[in-house]
Amino acid sequence: MKTEKRIISFLLTFIMVASLFTPINIMAASELSTTINDALISKHGNVPLTLKCEEILAAGYNYGDVLNVSFLEQNLELPLCSNFSDVDSGSPAIFARTSDEYVLLAINMSDFATNYGIARKSIAADNSVVWSLADGVTAPINVSLSMNTAGGYYDEYILHQLSYTNERADYPELNDEQFANFRMVKTTGIGQGKLYRSASPVNPKYNRNKYADAVFKKVGINVIINLADDESTAKAFEGYDTTYYFEQKHIFLSMGMDLNSDDFKERLAQGLKFIAENPGIYGVHCTEGKDRAGFTIAIIECLMGASYDEVVSDYMVSFYNYYGITPDDARYDVIVNSNINKALARTFEVSDIKNINLSSAAEKYIKSIGLSDEDITKLKANLSGKTADISTVKANIAGKNGIMFTASVDSLKYREVGFIFEANGKQVRKGTNTVYSSIDGSAFTVSDFENANYIYSFTIDEIADTATEIKVTPYSIDLKGNEKTGESEIYTLAKVSKVVPMSVKDETVSGHSIDLYGTEETENESIPVKEEETAIEPDKEEAVVPETEIVEVEEVLE
């Protein structure tokens, strides 16, 4: 059980810390000579040696030791660690991980091969990474290792020490969504049910993919940003073409771990533009959903107006889901300071991110990597669920004495939506439209609604007097039959191009806008009022938009 493992882990930690004050026999570490296996450099720039992990440990070196590492006329002092999380973001180390056969030279969240002049990378057409030795470097590249300070990094190593399993049974206190490191992003500025983050729904490496794919389907994610894989890698995962994920709109970015590299910034910009250009319900993931996804989501949260505490709290949920780290754990602040704090401070070029305007800093950064003001406006609109400039929605006047309403629905969880119209205190129409539902057996599919928006329009031409006040109330009925109404507005035919709030999103009615168009007559021109008995009753059929009057919608933003 995971709880038992934690108890054992804490006992081991106590024993290891106590051992610092207890004389023990340490085998003298011997100097080692090895070479770099340049043929196996990972896409992230991690550099494998031809020395096996078991060999470096058998030679008398222990985790937490600081080693002298020499190659290509460079002499580094690097801690020996068991996982990337054992060092701060941006810090180099020598790693002997239990999951690897060979020792690695790597930088946590960065690119060792490029930073230390070993190799240079190029990007293939499918976004995969190809490495070649840097100019002037020839194989074999010799590496020598020797002891610098035994236990010199031990205190920091203990604080960073984290491990997890891939067995669902080891996490009985977590639900399936937590095990998949899946959650809705709920920070300030981001609309309810608009953005989710997760471990990979397709990569089976950590046994979380099937749980993630199931919940992607459950919440209706239809625009996916894959930070980890190129297209060919993703399609090679077993069962990929049978997943819910496979059917959705997605982009493959194959990002590395070096947050400061031009390549990382270019791919991040591609991902953000993809969100800006594709309204929908978003899912962002890497492999584990905590490093590349953690940074990307943090940038988005900052842009949208999240506070420092909100960003940190969401970031650290991953460390609870994988490692059981809670805010009262002594390692919590160590992880925050050595990871997200350091990464954002470096990105925003400040010394401390706690007391800066995170939204302004994020917008400046996003512009610097290639997004325009228009891109950012669309990005914010899509993530917030609020409409942007109403001028982007156009409609023609619907008949000489008519009003045309055009709206968008950004959720597929409603039976119907519409408007209630009242004139002179009496309801004259309740205009409705049925909305797509995957539950009630509708024949429609998502592809029938461009960008998951259902656009509809109708006219009301029973009121001819331009001075008559018309009360308009938007409403929705969900799949369970629950009806909700939004705030009412008062209009007259004399006022052309007014804005009516209209939204159907996550069981609320607020936030959207539609255009109201009246007659071509002037306010001063008198038009007779039709007799009251001719007013349309609520159950009468809707008036039909004249065929000659075409609604032209250039763009509907959620």
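Structure first, text after, so check above.
Analysis parameters
Residues numbered from 1 in each chain as written. Predicted model: local features only at pLDDT ≥ 70, side-chain atom pairs only at ≥ 80, totals over all residues. Heavy atoms only, no water. Pairing = 2+ DSSP bridges. Helix = DSSP H or I, 4+ residues; strand = E, 2+ residues; numbered from the N terminus. Core = buried A, V, L, I, M, F, W, Y, C linked by side-chain atoms within 4.5 Å. Buried < 20%, exposed > 50% of the residue type's maximum accessible area, 1.4 Å probe, protein only. Contact = heavy atoms within 4.5 Å. Axes fitted to C-alpha atoms, helices over the stretch in contact; angles between N-to-C directions. Polar contact = N/O pair within 3.5 Å; in protein donor to acceptor, adjacent residues only side chain to side chain. Salt bridge = Lys/Arg side-chain N within 4 Å of Asp/Glu carboxyl O. Parallel < 35°, antiparallel > 145°, perpendicular 65-115°, else oblique. Left-handed = near helix turned anticlockwise from the far one by under 90°. Nonpolar A, V, L, I, M, F, W, Y, C, P; charged D, E, K, R; others polar.

**Q** Where do I start with the pairing of strand β8 (residues 129-133) in this structure?
**A** Remark: a regular strand shows side chains that alternate across the two faces of the sheet. Bridge count between strand β7 (residues 119-123) and β8: 5 bridges; the pairing is antiparallel. Bridged to S122 within β8 is V130. What sits between the antiparallel neighbours β7 and β8 is a turn of 5 residues, in which N127 has the positive phi angle 75°.

**Q** How should I be thinking about the nonpolar core in this particular structure?
**A** Nonpolar side chains tend to gather and get buried jointly when the protein is soluble and globular. By size, the foremost hydrophobic cluster in this structure holds 68 residues, and its most contacted members are L195, I225, F295, M316, L344 and F348. Ranked by residue count, the leading element in this core is helix α9 (residues 292-304), at 9 residues. When sequence neighbours within four positions are dropped, the list of residues in contact with F295 reads L259, F264, L268, A343, L344, T347 and Y365. Membership of the second largest hydrophobic core comes to 33 residues, among which are L51, I94, I107 and A113.

**Q** Help me understand the sheet that holds strand β10 (residues 183-184), please; the structure alone is not making it clear to me.
**A** Paired through backbone hydrogen bonds, the strands of a sheet run either parallel or antiparallel to each other. Pairing is mixed in the open sheet, where 5 strands are placed in the order β10-β11-β14-β12-β13. Where the open sheet ends on each side, the last strands, each with one partner, are β10 and β13 (249-252). As defined by bridge partners, strand β11 (residues 195-198) adjoins strand β14 (residues 282-285) across 4 bridges and the pair is classed as parallel. Bridging from a neighbouring strand, Y196 pairs with G283 of β14. Docked against the sheet, α9 engages β11 and β14, running at close to 160° with respect to β11.

**Q** Honestly, the side chain of T243 in this entry has me stumped. Any pointers?
**A** Looking at the element boundaries, T243 is found in the loop between α7 (231-236) and β13. Side-chain polar atoms of T243 contact the backbone nitrogen of F246, separated by 3.1 Å. Among residues more than four places away in sequence, those in contact with T243 are V202 and D213.

**Q** Please clarify how the pattern of salt bridges should be interpreted in this entry.
**A** Any two side chains of opposite charge can pair, on the condition that their charged atoms come close. Per the stated rule, a full pass over the model turns up 18 salt bridges. In this structure, R183 engages D314 in a salt bridge whose closest nitrogen and oxygen atoms are separated by 3.0 Å. In this pair, R183 is assigned in strand β10 and D314 in helix α10 (residues 308-323), connecting sequence segments 131 residues apart. Assigned by exposure class, R183 and D314 land together as buried. Note that R331 and D329 form a salt bridge whose closest N and O atoms lie 3.1 Å from each other. Per residue, the accessibility class of R331 equals that of D329, and both read buried. Overlapping salt bridges bring together E363, K367, D373 and K380 as one network.

**Q** When you look at the pairing of strand β6 (residues 102-107) in this model, what are you seeing that I'm missing?
**A** Of all 6 residues in β6, 5 are buried, a share of seventy percent or more. The pairing of strand β2 (residues 47-52) with β6 spans 3 bridges and is antiparallel. By the bridge assignment, P48 is partnered in β6 with L104. Relative to β6, strand β5 (residues 92-95) runs antiparallel, the two sharing 4 bridges. Within β6, the position partnered with P92 by the bridge is I107. With antiparallel pairing between neighbouring strands as the criterion, β5 and β6 make up a hairpin whose turn holds 6 residues.

**Q** Can you help me understand the packing of α9 against helix α12 (residues 340-348) in this one?
**A** To describe two helices that pack against each other, one gives the angle between their axes and the distance between the axes. At a minimum axis distance of 11 Å, the contact between α9 and α12 shows a crossing angle of 60°. Between α9 and α12, the crossing angle belongs to the class labelled oblique. The hand of the α9/α12 crossing is right-handed. When α9 is examined against α12, the residues G294, F295, A298, I299 and C302 are found in contact with a partner set consisting of I340, A343, L344, T347 and F348. Tallied by class, residues from the contact of α9 with α12 come to 8 nonpolar, 2 polar and no charged.

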